[in-house]
Amino acid sequence: MKAIACELPQTQGVPLSRFSRAELHRLVVERGICEASASTIARWLAEDAIKPRQYRSWVFPTDPEFLAKAERVLDLYEGRWEGKLLHPGDLVICADEKPSIQARRRIHRPLPTGRGSPQRVEHTYERRGALCYLAAWDVRRGRVFGRSEQKGGIEPFGRLVRQVMTKEPYASARVFWIVDNGSSHRGHASIDRLQGRWPNLVLVHLPLHASWLNQIEIYFSIVQRKVLQPNDFNDLVVLARTLNEFEHHYKVAKPFDWTFTRADLADLMASLSRHEPPLRLAA
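Residues numbered from 1 in each chain as written. Predicted model: local features only at pLDDT ≥ 70, side-chain atom pairs only at ≥ 80, totals over all residues. Heavy atoms only, no water.

A. Local environment of the side chain of Asn 214. The topology assignment puts Asn 214 in the loop between strand S7 (201–205) and helix H7 (216–226). A polar atom in the side chain of Asn 214 sits 3.5 Å from the backbone oxygen of Ala 95. Once you skip the residues sitting within four places of it in the chain, Asn 214 turns out to touch Tyr 77, Cys 94, Ala 95, Asp 96, Ile 178, Val 179, Asp 180 and Leu 206. (Helix = DSSP H or I, 4+ residues; strand = E, 2+ residues; numbered from the N terminus. Polar contact = N/O pair within 3.5 Å; in protein donor to acceptor, adjacent residues only side chain to side chain. Contact = heavy atoms within 4.5 Å.)

B. View of the sheet that holds strand S6 (residues 175–179). Across the sheet, which stays open at both edges, the 5 strands sit in the order S5-S4-S3-S6-S7 with mixed pairing between neighbours. Edge strands, defined here as strands with exactly one partner in the open sheet, are strand S5 (143–149) and S7. Averaged over all adjacent pairs, the angle separating strand axes in this sheet is 30°, with direction ignored. One ladder, built from 4 bridges, connects strand S3 (residues 91–106) with S6; its direction is parallel. Among the inter-strand pairings, Ile 93 is bridged to a residue of S6, identified as Trp 177. (Pairing = 2+ DSSP bridges. Axes fitted to C-alpha atoms, helices over the stretch in contact; angles between N-to-C directions.)

C. Structural detail: the packing of aromatic side chains. By the definition in use, this model includes 13 aromatic pairs. Here a set of aromatic residues connected by ring pairs shows up, and it is made of Tyr 133, Trp 137, Tyr 219, Phe 220, Phe 246, Tyr 250 and Phe 256. The residue whose ring lies beneath Arg 197 is Trp 198, and the NZ or CZ to ring-centre distance is 3.9 Å. (Phe/Tyr/Trp six-rings, centres within 6.5 Å; stacked < 30°, edge-to-face > 60°. Lys NZ or Arg CZ within 6 Å of the ring centre and 35° of its normal.)

D. Focus on the pairing of S5. Across 7 bridges, strand S4 (residues 125–138) lies against S5 in antiparallel orientation. Bridged to Tyr 133 within S5 is Ser 148.

E. Layout of H7. Within H7, burial applies to Ile 216, Tyr 219, Phe 220, Ile 222 and Val 223. Along the long axis of H7, the arc covered by the buried residues comes to 155°, so they all point the same way. Residues of H7 that are buried make contact with S3, S4, S5 and helix H8 (236–249). (Buried < 20%, exposed > 50% of the residue type's maximum accessible area, 1.4 Å probe, protein only. Arc of directions from axis to C-beta.)

F. Region of the structure containing the packing of helix H2 (residues 21–30) against helix H3 (residues 38–47). Look at H2 against H3: their axes get within 9 Å of each other, and the N-to-C directions meet at 110°. Overall, the two elements H2 and H3 adopt an arrangement that is roughly perpendicular. Considering the relative orientation of H2 and H3, their crossing is right-handed. Where H2 approaches H3, its residues Arg 21, Leu 24, His 25 and Val 28 are matched on the opposing element by Ala 38, Ser 39, Ile 41, Ala 42 and Leu 45. The class makeup of the residues in the contact of H2 with H3 is 6 nonpolar, 2 polar and 1 charged. (Parallel < 35°, antiparallel > 145°, perpendicular 65-115°, else oblique. Left-handed = near helix turned anticlockwise from the far one by under 90°. Nonpolar A, V, L, I, M, F, W, Y, C, P; charged D, E, K, R; others polar.)

Below is the structure:
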């Protein structure tokens, strides 16, 4: 029974994507494999080390230089670059865009919390437009810079870079900018453009499908949780002002306690290499 539970239903001629407890019970009873009840089967599967009914989405690394690029970023988080310790004045920035943030005006005001009752937010809303929120997170100092734009792109991202790089200590220090491969800062053209404009800037690209290594995504998750849920803004002006005010409110923050290291990455890559498709990673 456990062997069948670990197979895809199609291999048993069943038109399902995965077995439920009831469907698995039906199959084994119909075929005379097992007479246990559905609840007993559920208990057996719950006690087993393999959970065939569970799944999660995953993107296998496809960048042939995934390991080398990811290690550079993890080294920066630990205060190293190209095998050497960073200078005390060096700075590390993580940056990206959070596109298409809608301003949703609810057609009825939320109802306040009551005894034994949470706040109730009206499901129906009017769309009042959308904006793109760009932000840069100072990894070593725990400081955020943000701006709202009508849309993302090379020029809006350039304005974010200028917003940071014209202020001290960034104007005088060596500043590493960690970015993903979005169209606003992709490839060698972005390196030439930004490093040509700011000689003290070093642009560092993450490998493909590795935004989870970008600390700005942690900040965006905080914004989503603390500012944008539930989404109730009369217009884009109010939304942009609220995002800006949150940046000032968040100045009490400290650098993130980043614990994922080179060793953790090596363990992850080794684990993935034991599954198909095979990975071709840089040495």
